[in-house]
Structure formats: structure tokens, C-alpha cells
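Summary of structural features
This is what each chain is made of:
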Amino acid sequence: QALVDDRVPPAPNRSRDDAIGELARRYFQSHGPATVHDFAWWSGLTMGEARRGAATVDSALLLAAPPGPDRVAGADFLLPN
């Protein structure tokens, strides 16, 4: 048996904005393309915080607006709850 402190190196200290940027990067890489609203809902961040985080993410992973039937004819979109 070993203590976690003996096995896992300490995480680097980050500013809140850096941490939100990293969270946004990981979210959009695994859930994108998605909207900033999706990210705010998923993370529980305010829209302002979510926008700041999304500003650090590759724009190819961001949608300007959620897809709808008027945007893509004949497409199905499966969304989680």
C-alpha cells in the first residue's frame, strides 16, 4: 500500500483562466463540434467563463449555433440528456 502523495506527482498550479481554457480544450476535443452554450451547460460555468475558455479552442471544434432541421436537410443528430 502507498499514499497517493507518494505515487502521484503534484499537479501544477494554474490560474482560473488557464484551468478553464484547459477544460474547454479537453471538452471540445472530445465532444466537438459543440456550442459554447453546450460547454457552459456541461461544465456548470457561467456563459462568460465558458466564452473565455472557448476563445482558447480551435475554431474548427466550435459551432456558431446548434444544428437544426433548417440547417442540414435529412440529417439526424443524437444528443445526450
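Residues numbered from 1 in each chain as written. Predicted model: local features only at pLDDT ≥ 70, side-chain atom pairs only at ≥ 80, totals over all residues. Heavy atoms only, no water.

Scanning all chains against the criterion turns up 4 salt bridges. D17 is the salt-bridge partner of R52, the closest N and O atoms lying 3.4 Å from each other. Remark: D17 occurs in helix α2 (residues 16-31) and R52 occurs in helix α4 (residues 47-54); sequence separation between them is 35 residues. What makes D17 partly exposed here is its relative accessible area of 45%. Between E22 and R25 there is a salt bridge, with its nearest N and O atoms 2.5 Å apart. In this pair, E22 and R25 both sit in helix α2, 3 residues apart, roughly one turn of the helix. One network of salt bridges, with partners in common, ties together E22, R25 and R26. (Salt bridge = Lys/Arg side-chain N within 4 Å of Asp/Glu carboxyl O. Helix = DSSP H or I, 4+ residues; strand = E, 2+ residues; numbered from the N terminus. Buried < 20%, exposed > 50% of the residue type's maximum accessible area, 1.4 Å probe, protein only.)

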